[in-house]
Amino acid sequence: MASGSASARSPQVQDENPSCNDVASFKAADTVVQQCESRKPKPESENLSFGTVFTDHMLLIEWSSEGGWEKPRIQPFGNLSLHPACSALHYAVQLFEGMKAYRGQDDRVRLFRPMLNMERMLKSAHRACLPSFDGAEFLECIRKLVELDQDWVSRSDSASLYIRPTFLGTESSLGVKKASRALLFVILSPVGSYFSTASNSVSLWADSKYIRAWKGGTGDCKLGANYGACILAQDEAVGFGCQQVLWLYGDDHQITEVGTMNLFLYWINQDGEEELATPPLDGIILPGITRQSILELARKWGEFKVSERYLTMADLRVALEEERLKEMFGSGTACVVSRVGRVLYQGQSLQIPCVAESNSLTSRLLKELTDIQDVPNGRIGHARCLCNGSDGFSLLFSASKRPAFSPIDSSLVFMLVYPL
Ligand SMILES: Cc1ncc(COP(=O)(O)O)c(C=O)c1O
């Protein structure tokens, strides 16, 4: 793995969760590997539906309050054995992360800004009262797993390997309390494109009937309970001919986020300024890593105003009436960037403008992000520098030459690179 200098326990996480400081953790070097006897056949990367096929191995790490963390184990993929009173099953003491491994044109496999996933996972663990661990050690365990199953990382441009770190409370009693046992595990699934739509845009159902998250709740953490509670609304959205729910908040119907995406408006705002706007992280929105990357990219470009601000459905409607809305799109690991084509709101189908593919900000961001995911080989051919930085990303855009150093030796943290 390319070594990284950033702490896997961000200052923010440390402040919020003092137990993360000098936390007792498992060590990746202790990982015990048991390889499977025969490898499964790999699926065709076309027509892969999300999260249905899994690789040959999985990673498991158990914890108990008496014994602390056990040694990480990589073993053949298989069912878990859980006590029927397990707290994850009864009280949804569970959280997860979602990240992808990409194969570049140089045949190397990379992860995109994985330290941010580790930070978010530790924040979720704190919220679920699950034990802390060293994110850098966990990432190294994940790297070992991906390395073992690297043949599952497709060579197709449109496919990648989805990584699902998961954390369960495995307390084996029915009392509602902090879990004294826990299981951290990781499974891998080859995936294709997330949304199957010919027009390459998503339709959203915006209704205030259901609420995804509220201040003081858990909407800014990646707890499974947040998602299970959304399935009914998602089902209704499909019944209305839409693909996803656009979650609204408050009496003024603030726009918050979409099923598994953060949301952006690119428009001429009320003051006549060209602006890329997304709702602020006020506790009810998941702090997306793609969202953060888009904000950093757009701010670096400096071509238009970039804001984290409240947006309401009334703002959207007026902007559409006054023809000020240029584009609307969602962002997330699964889809990277996905254009919104239509919003169904109060019985009205709001058609979102569609800029020609070649000129759209959505396409530009998609290209920039996927090119970055393929650095340092072919796809980014100019003006990119990978060097020291809190996680490398913010300095991507400052150089006028291609990097002179080998990415494997550099202090890249935002991507882990290893040769095949
Ligand atoms: C509710 C929600 N919002 C936003 C996102 C996007 O986050 P990221 O860009 O880190 O994938 C996700 C995906 O994880 C999500 O589940």
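Calculation notes
- Residues numbered from 1 in each chain as written.
- Predicted model: local features only at pLDDT ≥ 70, side-chain atom pairs only at ≥ 80, totals over all residues.
- Heavy atoms only, no water.
- UniProt positions renumbered as here; feature names shortened; annotations may be inferred.
- Near = heavy atom within 4 Å.
- Polar contact = N/O pair within 3.5 Å; in protein donor to acceptor, adjacent residues only side chain to side chain.
- Areas by Shrake-Rupley, 256 points an atom, 1.4 Å probe, with all protein chains shown as cover.
- Helix = DSSP H or I, 4+ residues; strand = E, 2+ residues; numbered from the N terminus.
- Expected span 1.5 Å × (residues − 1).
- Buried < 20%, exposed > 50% of the residue type's maximum accessible area, 1.4 Å probe, protein only.
- Core = buried A, V, L, I, M, F, W, Y, C linked by side-chain atoms within 4.5 Å.
- Contact = heavy atoms within 4.5 Å.
- Phe/Tyr/Trp six-rings, centres within 6.5 Å; stacked < 30°, edge-to-face > 60°.
- Lys NZ or Arg CZ within 6 Å of the ring centre and 35° of its normal.
- Axes fitted to C-alpha atoms, helices over the stretch in contact; angles between N-to-C directions.
- Parallel < 35°, antiparallel > 145°, perpendicular 65-115°, else oblique.
- Left-handed = near helix turned anticlockwise from the far one by under 90°.
- Pairing = 2+ DSSP bridges.

- As recorded in an unreviewed UniProt entry, the protein goes by Branched-chain-amino-acid aminotransferase and comes from Ictalurus punctatus.
- Quoted verbatim from the Sequence similarities (unreviewed entry) field of UniProt, the annotation for the protein is "Belongs to the class-IV pyridoxal-phosphate-dependent aminotransferase family."

Structural notes on the site of the ligand
- The full set close to the ligand counts 16 residues, and K222, Y227, E257, T290 and T333 are the nearest of them.
- One of the side-chain nitrogen or oxygen atoms of Y227 is found 2.5 Å away from an oxygen atom of the ligand.
- Within the side chain of E257, one N or O atom sits 2.5 Å away from a nitrogen atom of the ligand.
- Surface burial for the ligand is 97%, taken as the share of its 380 Å² of free accessible area covered by protein chains.

Let's talk about helix α4 (residues 135-148)
- Here α4 is 14 residues long and its end C-alpha atoms lie 20 Å apart, about the 20 Å a rise of 1.5 Å per residue gives.
- With respect to burial, α4 is a largely interior element, 10 of its 14 residues being buried.
- Within α4, the full set of buried residues consists of G135, F138, L139, E140, C141, I142, R143, L145, V146 and L148.
- Looking at where α4 begins, the residue whose side-chain oxygen comes 2.9 Å from the main-chain nitrogen of A136 is D134.

A look at the nonpolar core
- Counting 40 residues, the largest nonpolar core has L59, L130, F133, F138, I163, F167 and L184 as its most contacted members.
- Among the nonpolar cores identified, the runner-up in size contains 25 residues, and A206, L263, L316 and Y345 belong to it.

Some remarks on the UniProt feature "modified residue: N6-(pyridoxal phosphate)lysine" (unreviewed entry) in the protein
- Per the UniProt annotation, the sites labelled "modified residue: N6-(pyridoxal phosphate)lysine" (unreviewed entry) are K222.
- Those residues in contact with K222, other than ones at most four positions away along the chain, are L95, F96, E97, G98, R120, S124, Y227 and L286.

Here's the deal with the packing of aromatic side chains
- For the coordinates displayed, the defined rule picks out 13 aromatic pairs.
- With centroids separated by 5.3 Å and ring planes inclined at 10°, the aromatic side chains of F54 and F77 adopt a geometry described as stacked. Of the two residues, F54 sits in the loop between β1 (32-33) and β2 (57-64) while F77 sits in the loop between β4 (73-76) and α2 (87-91), which places them 23 residues apart along the sequence.
- Note on F54: relative accessible area 24%, which makes it partly exposed.
- Given a relative accessible area of 31%, F77 falls into the partly exposed group.
- Taken together, the aromatic side chains of F26, W69, F133, F138 and F167 make up a single cluster linked through ring pairs.
- A cation over a ring is seen here: R324 above W267, with NZ or CZ 5.8 Å from the ring centre.
- For the cation-ring pair, R364 lies above W301, with the distance from its terminal atom to the ring centre recorded as 3.6 Å.

Comments concerning the packing of helix α3 (residues 114-127) against α4
- Packing of α3 against α4 leaves a shortest axis separation of 10 Å and a crossing angle of 120°. Between α3 and α4, the angle falls in the class oblique. Of the two possible hands of crossing, α3 and α4 adopt the one that is right-handed. Of the residues in α4, those in contact with P114, M115, M118, M121 and L122 of α3 are G135, A136, F138, L139 and I142.

Let's talk about the pairing of strand β16 (residues 325-332)
- The element β16 is extensively covered by neighbouring structure, given that 7 of its 8 residues are classed as buried.
- Note: strand β13 (residues 261-268) against β16, 6 bridges, orientation antiparallel. From the neighbouring strand, N262 faces β16, where its bridge partner is S331.
- Turn length for the β16-strand β17 (residues 336-345) hairpin, with the two strands adjacent in sequence and antiparallel, is 3 residues.

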